[in-house]
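Letter by letter, the chains look like this.
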Amino acid sequence: MTPVIGGLAINLALGLAFVSIILHFFYLRNGDGRLFLSGQRAALAVSLLSILATLILAQLLITSNFDVDYVAHYTSLETPFIYKITALWAGQSGSLLFWLFTLSVYAVITILQNQRSQHKIMPWVMIVMTTVQLFFLILINYVSNPFIPTEADFVVANGLGLNPLLQNITMAFHPPMLYLGYVGFTIPFSFSIAAMAERDMNALWMRTVRQWLLFVWLMLSIGIILGGWWAYQELGWGGYWAWDPVENASFMPWLTGTALLHSIIIQEKKDMLKVWNMALIIITFTLCIFGTFLTRSGVMSSVHSFTASSLGPIFLGFVFLILVVSFLLLFNRKSFLQSEKRIESFTSRESGFLFNNVVFIVMCFAVFWGTIFPVISEAVRGTKITVGAPFFNQVNIPIGLVLLLLTGVGPLLVWRRTSNQSFIRNFTTPIVMGLVSALVLYIFNIRGYVLISFSLSAFVLTTIGFEFFRGIRSRMTSQKENPIIAFWRLIRKNRSRYGGYIVHIGIVLMFVGFTGHSFDSEKEFGLKKGDSEHLSGYSFTLYNVREEERPNHYAYIADMIVADAFGKSIVKLHPEKRIYFHRNPNPERRQPHSELDIYSTIKQDIYSIFNSIDLENEVAYLKIMINPLVNWVWYGGYLFVLGTLVALWPPRKEKS
Amino acid sequence: MISVVVTFLIIVVMAVFVIQPLFLEPGLEIKDTEKKSVALKQRKKILYRQIKELDMDYQLGNIQDDDYGQTRNELKKEVAEILTILNR
Amino acid sequence: MNSKNKFYFAISGVIVVVIFWIWWASSNPADEQALVTFLSVEELIDEDHSDRVRLGGLVAEGSIHLDNNNYLSCQFELKEGDYILPVHYTGARPDLFKDGAEVIIEGIYVNGLFEADILQTKCASRYEGDLRDENSYNLDEVSI
């Protein structure tokens, strides 16, 4: 019974989406408040029905209702409960429905938040949001429907099951976070289009857009970091970022979103750069839709994409439509958005932000170029040139280092004009610190990008450290506070400023981690019981190979002792070779899977993979990687999230 | 059978929910129940915050005296404008 | 020059430099793996390619032979359309590598043998599989 109701819900939502858009348009024409109320309710109904449909699909997955094709394709009876729920976004139609679900939750919040305010622009906000919902509803209803029943002439005894790669707890968080980010950019986009349409961009609008931007950006960042963590833990190639098209698809809106996060501050404080900000938000939102297109259409082959489908042209058409309509509107409202104020000096924070923006945008362009280069080269020259990670690294490392530099310089610039004395005073120590670390690194025979990256990190950490130090000192003298209270109050009274600094520290730690990548070493070898191998001064001895049967797989486990150069044992590693669906009588259907074991310290990770086992000769084939400083990336990630939360935390009600 | 009933129920509830406002009395005007001054108050808040930050930067010695004075005056002027509108 | 023009000048400068940099990197790859031509097996056999290329295709049924002394070394045949290409690969094989799997390989073609150093599998057929195949699946065998 329930699949029928799910199908009805998305059908009805599709119809109501049309109704809502039409009602809003009529309200804008004749100002009859009844139409507005009715339109808002229709928009609410669209969202509630979409949420209902998603809950129904979740229920079908949990109860293993194999009468539904989607359920039979992505789960089986053995699938653990939690992964029955994550199967909601494991396949194409489910993930489209999940997109719609997320957007609907956001839409409900937006409607409820603005029941009493911003009524001038709310009709437009809802028109834009409902149009995006409408697009996904059309896809779900007519192209990729998750409620389609299994062909009815036979009974499905068991489903196909979920890909073991996706049976990792990170998979319960990484996609939803990414969706919250991706989809969330619809809100600032809708508010921007609405503000342009109504020629009304007040301080209230600014608050709404800034808060949502920060929240959505945080979700996207967490999603990206979790994705890297998952790849590192699960995929077994020893890295967290491969410049895969789908990774790039999430990274591009992150880059433009980060640029926007900075430049919108100039708009808030100086009422400048409005045209630029509107263009940025349009591009960011378009990149989010484009990213969904890359993931869901199969244009690019990648670990993430599903098989080719008819979604491609529809998505591209929608992307094109958004770009044309939004930029036409922007062009039309140019005079409303233009400001008389000008940036007065190169050494102002305004100009610092502007350069940061330009660098973010060109980096986004570089990533975009590399991502679509295969498609372009095929169209233009007839040969498909694939672009590998080395290309992206080559292009982006210098740009990234410039960004790292700006991370340190930007915060020391003040609005309007930085005085020469303060310039000299604020920069002397950090520059000296940077140069000293460069010299030390040079003596230790470190050259090139590694040297630049580490010295820049030292420079940036010193500038930020000094900002904290001087802020605390000033509070200690003027407010007579002790250092700890001064530190606490400094952050609490200037949350966005010091939250931003904390994020910057996180970024620096991440750069240190990225740089560690250049010291990676690895080795592949076969070992018999009792034999050892060496890598980077460590010895690896295989002392046992065990077998174990578990509920949903069969595991071979290699037991290894890792010892340092002096023969002192450090840790035991137990990578596994698992066979999923091992009970399946058809050997073709069994699914091998390597489960890694990692020994992680602040200095480096020792990463072990059990490749294959030769049962006849009793040889275990293993791969070992030594990855220095990987943990710094995750520590940086924690600080990053902490800093954003500090900036995002709602202020106490101020006394009037 | 149940599914027919549930389907019918959902359709009716949604239809009533959406159409109901159309039967209210005509001439309904949509106004922000929050006062129009909310946006101005928000702008005032932003300005106050900017002044505070400017003062802090001045205390830290990042800004020259004349720049500080000029910027502060501009900010204060805008605050004064907002206050006159709010008090009107 | 007024400050507005100075700004446009500086920003255009940055953009020009970076575009030049991207263009330069596209024509002078740092590494042989940065930009690789993707060919069909037919093109590889018909035309003479001595440089590094990337190929895609299916693993021919029953063609996988592991070296008895070293499991990391294996030989198989790549099938694309009517064309078949012998491939030698040394290294860790992905979990989904098996008969009929869709693979992408990268390497050099020498004297009728393709020496691959990168081997990737695409999504397993199982997850796009036909539900009817599962009729042979016996529920009693499944431990839940």
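Residues numbered from 1 in each chain as written. Chains lettered and ligands numbered in written order. Predicted model: local features only at pLDDT ≥ 70, side-chain atom pairs only at ≥ 80, totals over all residues. Heavy atoms only, no water.

Enquirer: How do you make sense of the interface of chain A and chain C when you look at a structure like this?
Expert: Quite often, the size of an interface is put as the accessible area lost when its parts meet. Between chain A and chain C, the contact holds 66 residues from the first and 56 residues from the second. In terms of surface lost to chain C, no three residues of chain A exceed Leu160(A), Gln394(A) and Arg589(A), which account for 12% of the buried area on that side. The tally of links between chain A and chain C comes to zero salt bridges. Within the residue set of the side of chain A that touches chain C, elements represented by two or more residues are α3 (69-74), α14 (349-381), β1 (384-387), α15 (389-409), β2 (521-528), β8 (591-595) and β10 (604-614) of chain A. It is α14(A) that contributes the most residues to the side of chain A that touches chain C, nine residues altogether. Taken together, the residues of the side of chain A that touches chain C break down into 33 nonpolar, 20 polar and 13 charged. (Contact = heavy atoms within 4.5 Å. Buried area = accessible area lost by both parts, 1.4 Å probe. Salt bridge = Lys/Arg side-chain N within 4 Å of Asp/Glu carboxyl O. Helix = DSSP H or I, 4+ residues; strand = E, 2+ residues; numbered from the N terminus. Nonpolar A, V, L, I, M, F, W, Y, C, P; charged D, E, K, R; others polar.)

Enquirer: Would you mind going over a positive patch on the surface with me for this structure?
Expert: There is a patch of like positive charges on the surface, built from Arg207(A), Arg492(A), Lys493(A), Lys45(B), Arg49(B) and Lys52(B). Mapped by element, the contributors of at least two residues to the positive patch are α18 (483-493) of chain A together with α2 (37-59) of chain B. Top element by residues in the positive patch is α2(B). It accounts for three residues. Position of Arg492(A) relative to the elements: it lies in helix α18. (Patch = residues over 30% accessible without salt bridge, like charges linked within 9 Å, V, L, I, M, F, W, Y side chains within 5 Å. Areas by Shrake-Rupley, 256 points an atom, 1.4 Å probe, with all protein chains shown as cover. Lys, Arg positive; Asp, Glu negative; His and termini not counted. Charge placed at Lys NZ, Arg CZ, Asp CG, Glu CD.)

Enquirer: How do you make sense of the sheet that holds β2(A) when you look at a structure like this?
Expert: By definition, the strands of a sheet pair up through backbone hydrogen bonds, in either a parallel or an antiparallel sense. Residues and elements named next belong to chain A. Across the sheet, which stays open at both edges, the four strands sit in the order β2-β11-β10-β9 with antiparallel pairing between neighbours. Among the strands making up the open sheet, the edge pair consists of β2 and β9 (597-600). With direction set aside, neighbouring strand axes in the sheet form an average angle of 20°. Pairing of β9 with β10 involves four bridges; the strand directions are antiparallel. For Ser 600, the partnering residue across the bridge sits in β10 and is Asp 605. With respect to the sheet, helix α9 (residues 203-235) is in contact with β9, β10 and β11 (619-628), its orientation differing from that of β10 by roughly 40°. (Pairing = 2+ DSSP bridges. Axes fitted to C-alpha atoms, helices over the stretch in contact; angles between N-to-C directions.)

Enquirer: How should I be thinking about the packing of α9(A) against helix α10 (residues 245-270) of chain A in this particular structure?
Expert: Relative orientation and spacing of two packed helices are given, respectively, by the angle between their axes and the distance between those axes. Residues and elements named next belong to chain A. Relative to each other, α9 and α10 sit at 150°, their axes nearing to 10 Å. In this view, α9 runs roughly antiparallel relative to α10, as classed from their interaxial angle. The two elements α9 and α10 meet at a crossing, and its hand is left-handed. Contacts from Trp 205, Met 206, Val 209, Arg 210, Leu 213, Leu 214, Trp 217, Leu 220, Ser 221 and Ile 224 of α9 reach α10 at Ser 250, Phe 251, Pro 253, Trp 254, Gly 257, Thr 258, Leu 260, Leu 261, Ile 264, Ile 265, Gln 267 and Glu 268. Residue composition of the contact of α9 with α10, by class: 15 nonpolar, five polar and two charged. (Parallel < 35°, antiparallel > 145°, perpendicular 65-115°, else oblique. Left-handed = near helix turned anticlockwise from the far one by under 90°.)

Enquirer: Whenever I open this one, the environment of Ile225(A) confuses me. Can you help?
Expert: Residues and elements named next belong to chain A. Along the chain, the position of Ile 225 falls in helix α9. Here the alpha-carbon distance between Ile 225 and His 174, two residues 51 residues apart in the chain, equals 8.3 Å. When near neighbours in sequence (up to four residues on either side) are disregarded, Ile 225 contacts Met 510, Trp 634 and Gly 637.

Enquirer: Help me understand the environment of Ser76(A), please; the structure alone is not making it clear to me.
Expert: Residues and elements named next belong to chain A. Secondary-structure assignment places Ser 76 in the loop between α3 and α4 (81-86). Between the C-alpha atoms of Ser 76 and Phe 66, which are ten residues apart in sequence, the distance is 8.6 Å. If we ignore the near neighbours within four places in the chain, the residues touching Ser 76 are Ser 64, Phe 66, Lys 84, Asn 158, Gly 159, Leu 160, Gly 161 and Phe 581.

Enquirer: Explain the domain arrangement of chain A here, please?
Expert: Residues and elements named next belong to chain A. One can read the domain layout of chain A as domain 1 (1-167), domain 2 (175-386), domain 3 (389-518) and domain 4 (520-632). Using only C-alpha atoms to locate each centre, domain 1 and domain 4 end up separated by 43 Å. Every contact between the two is made by eight residues of domain 1 and, on the other side, five residues of domain 4. Interface of domain 1 and domain 4: buried area, both sides summed, is about 500 Å²; carbon and sulfur atoms make up 67% of it. The three residues of domain 1 that bury the most area against domain 4 are Glu 78, Pro 164 and Gln 167, which together make up 66% of that side's buried surface. Run the count over domain 1 and domain 4 and you get zero residue pairs in polar contact (both at pLDDT 80 or more). A breakdown of the residues in the side of domain 1 that touches domain 4 according to their chemical character gives five nonpolar, three polar and no charged. (Domains from an automatic or database assignment. Polar contact = N/O pair within 3.5 Å; in protein donor to acceptor, adjacent residues only side chain to side chain.)

Enquirer: Can you help me understand the interface of chain A and chain B in this one?
Expert: Counting residues at the interface gives 53 residues for chain A and 42 residues for chain B. With both chains or domains summed, chain A and chain B bury close to 4,300 Å², and 59% of this area falls on carbon and sulfur atoms. Counting the surface chain A buries against chain B, the share from its top three residues, Arg34(A), Arg41(A) and Arg416(A), is 16%. At the junction of chain A with chain B, the criterion picks out four salt bridges. In this structure, Arg349(A) and Glu53(B) form a salt bridge, with 3.7 Å as the shortest nitrogen-oxygen distance. In this structure, the connection of chain A to chain B is made through twelve residue pairs in polar contact (both at pLDDT 80 or more). Considering every element that reaches the side of chain A that touches chain B, the biggest residue donor is helix α2 (residues 33-62) of chain A, with twelve residues. Here the residues of the side of chain A that touches chain B sort into 20 nonpolar, 16 polar and 17 charged.

Enquirer: I tried to follow the pairing of strand β6 (residues 102-110) of chain C on my own but got confused; where do I start?
Expert: Regular strands place their side chains on alternate faces of the sheet. Residue and element names in this part refer to chain C. Relative to β6, strand β2 (residues 53-59) runs antiparallel, the two sharing six bridges. Residue pairing for β6: Leu 58 is matched across the bridge by Glu 102. The pairing of β6 with strand β7 (residues 113-121) spans eight bridges and is classified as antiparallel. Within β7, the residue paired with Val 103 across the bridge is Thr 121. Linking two consecutive strands that pair antiparallel, namely β6 and β7, is a turn of two residues; a positive phi of about 45° is found at Asn 111 within it.

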